[in-house]
Amino acid sequence: MPELPEVETTRRGIEPHVLGRTVRSVIVREPRLRWRVPDALARELPGARIDAVARRAKYLLLRTARGHVLVHLGMSGSLRIVPATTPPVTHDHVDIVFDDGVAMRLRDPRRFGSVLWLTGDPLRSKLLKDLGPEPLSDAFDGRTLFERASGRSAAIKHVIMDAHVVVGVGNIYASEALHRARIHPLRGADRIARERFDALADSIKDVLRAAITAGGTTLRDFAKSDGEPGYFAQELAVYERAGEPCRICATSIKTVRSGQRSTYWCPRCQR
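Residues numbered from 1 in each chain as written. Predicted model: local features only at pLDDT ≥ 70, side-chain atom pairs only at ≥ 80, totals over all residues. Heavy atoms only, no water.

### Brief notes about the packing of helix α5 (residues 171-181) against helix α6 (residues 194-213)
Stage number 1. Two elements in contact, α5 and α6, have axes separated by 8 Å at closest approach and are oriented at 130°. The angle between α5 and α6 falls in the class oblique. Between α5 and α6 the crossing geometry is right-handed. For the pair α5 and α6, contact is made by Tyr173, Glu176, Ala177, Leu178, Arg180 and Ala181 and by Arg196, Ala199, Leu200, Ser203, Ile204, Asp206, Val207, Leu208, Ala210 and Ala211, respectively.
Stage number 2. Residues that form the contact of α5 with α6 fall into these classes: 11 nonpolar, one polar and four charged. (Axes fitted to C-alpha atoms, helices over the stretch in contact; angles between N-to-C directions. Helix = DSSP H or I, 4+ residues; strand = E, 2+ residues; numbered from the N terminus. Parallel < 35°, antiparallel > 145°, perpendicular 65-115°, else oblique. Left-handed = near helix turned anticlockwise from the far one by under 90°. Contact = heavy atoms within 4.5 Å. Nonpolar A, V, L, I, M, F, W, Y, C, P; charged D, E, K, R; others polar.)

### Here's the deal with the sheet that holds strand β5 (residues 78-83)
Stage number 1. With respect to topology, four strands assemble into an open sheet ordered β1-β6-β7-β5, the strand pairing being antiparallel. At either margin of the open sheet sits one strand with a lone partner, and together these are β1 (23-28) and β5. Within this sheet the neighbouring strands show an average axis-to-axis angle of 20°, counted without direction.
Stage number 2. With five bridges connecting them, β1 and strand β6 (residues 92-98) associate as antiparallel partners. Bridged to valine 23 within β6 is phenylalanine 98.
Stage number 3. Each of β5, β6 and β7 (102-107) is contacted by helix α1 (residues 4-18), which is oriented at about 30° to β5, the strand it contacts most. (Pairing = 2+ DSSP bridges.)

### A word on α1
Stage number 1. Given a rise of 1.5 Å per residue, 15 residues ought to cover 21 Å, and the 20 Å separating the end C-alpha atoms of α1 matches this to within 8%.
Stage number 2. With 11 of 15 residues buried, α1 lies mostly within the body of the structure.
Stage number 3. Here α1 has its buried residues at Leu4, Pro5, Glu6, Val7, Glu8, Thr9, Thr10, Arg11, Gly13, Ile14 and Val18.
Stage number 4. Looking one or two places after α1, you find glycine 20, whose phi comes out positive at around 85°. (Expected span 1.5 Å × (residues − 1). Buried < 20%, exposed > 50% of the residue type's maximum accessible area, 1.4 Å probe, protein only.)

### What to know about the pairing of β6
Stage number 1. Most of β6 sits out of view: seven of its seven residues are buried.
Stage number 2. The pairing of β6 with β7 spans five bridges and is classified as antiparallel. When the sheet's bridge partners are listed, aspartate 92 is paired in β7 with arginine 107.
Stage number 3. Where β6 folds back onto β7 in an antiparallel hairpin, the turn is made up of three residues, including glycine 101, whose phi is positive at roughly 85°.

### Focus on unusual backbone geometry
Stage number 1. Notably, arginine 111 is not glycine yet its phi reads approximately 60°, a positive angle.
Stage number 2. Examined against the element boundaries, arginine 111 turns out to sit in the loop between β7 and β8 (114-118).
Stage number 3. The phi torsion at glutamine 260 lies on the positive side, around 65°, for a residue other than glycine.
Stage number 4. Assessed through its relative accessible area of 73%, glutamine 260 is described here as exposed.

### Topic: the packing of aromatic side chains
Stage number 1. One pass over the full model with this rule turns up two aromatic pairs.
Stage number 2. Ring plane angle 70° and centroid distance 5.4 Å describe the contact between phenylalanine 146 and phenylalanine 197, whose orientation is recorded as edge-to-face. Taken together, the residues phenylalanine 146 in helix α3 (residues 142-149) and phenylalanine 197 in helix α6 connect sequence positions 51 residues apart.
Stage number 3. Phenylalanine 146 gets classed as partly exposed once you look at its relative accessible area, which sits at 28%.
Stage number 4. On the basis of relative accessible area, phenylalanine 197 is assigned to the buried category, the value being 1%. (Phe/Tyr/Trp six-rings, centres within 6.5 Å; stacked < 30°, edge-to-face > 60°.)

### A few points about the side chain of serine 78
Stage number 1. Mapped onto the elements of the fold, serine 78 is located in strand β5.
Stage number 2. Of the polar contacts made by the side chain of serine 78, one reaches the side chain of arginine 80; its length is 3.4 Å. (Polar contact = N/O pair within 3.5 Å; in protein donor to acceptor, adjacent residues only side chain to side chain.)

### Thoughts on the pattern of salt bridges
Stage number 1. Taken as a whole and judged by the stated rule, the model has 19 salt bridges.
Stage number 2. The salt bridge partner of aspartate 99 is arginine 21, with a shortest N-O separation of 2.9 Å. Linking aspartate 99 in the loop between β6 and β7 with arginine 21 in the loop between α1 and β1, this pair joins segments that are 78 residues apart in sequence.
Stage number 3. Classification of arginine 21 by relative accessible area gives partly exposed; the value is 29%.
Stage number 4. Beyond isolated ion pairs, a larger network of salt bridges with shared partners links Glu8, Arg11, Arg12, Glu15, Arg55, Arg56 and Glu134. (Salt bridge = Lys/Arg side-chain N within 4 Å of Asp/Glu carboxyl O.)

Remember that the coordinates give geometry; whether it matters functionally is a separate question.
As structure tokens, this is what we get:
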């Protein structure tokens, strides 16, 4: 599933091709995504210019003077920049075609993604208004994380994956950040000393920045907007490395199912 680094990589990949361009047409081949593609998208977007390409959590926002296109990649979605004349293949569900003959094409085999049309302030929409801070912003640090986790007995991994606490820290990067901070993923959040939250917040920032620099992590479905894979998988310390040696101490990486997800850790490094 695309996580924050994959979405940010996609944003950076599409921005040079769509920013400042005027939409010529919208082609919806399959409207039945996670939420039905609204008819207003094809009615209102043509003729509008893309004034900004932004990201909030795992959502992409294309801003125009008329409204915003809100895109979520779901479990297996990807955005590609292709000539508009490129024949679509199976699972190519939506094209936004620009005045230079280029199309931004959504491919989504599992159809858990979404393409919505929003008017008004998108940050006040029901999908975005209750989200926590961006992990790479100045609004997120150890104190903020400690305050948001305070009093919660849930496993710290589950807490940092809660989008109301901090956005965009999915399963892969939660596992990696906790290893960098040397915190056991199943330790209760209320059993972690205040100063360790500083290390954890810094680790979250570091691992996300490293993943963005590497172009994201390719595990099953993700590819960048140019069709090339991300390469952070080569740097993973614990995720999907059960039984392999820890890159720090050589102890075998452990795994367990927790919260319906696989959790990975080093039993020696993480306490």
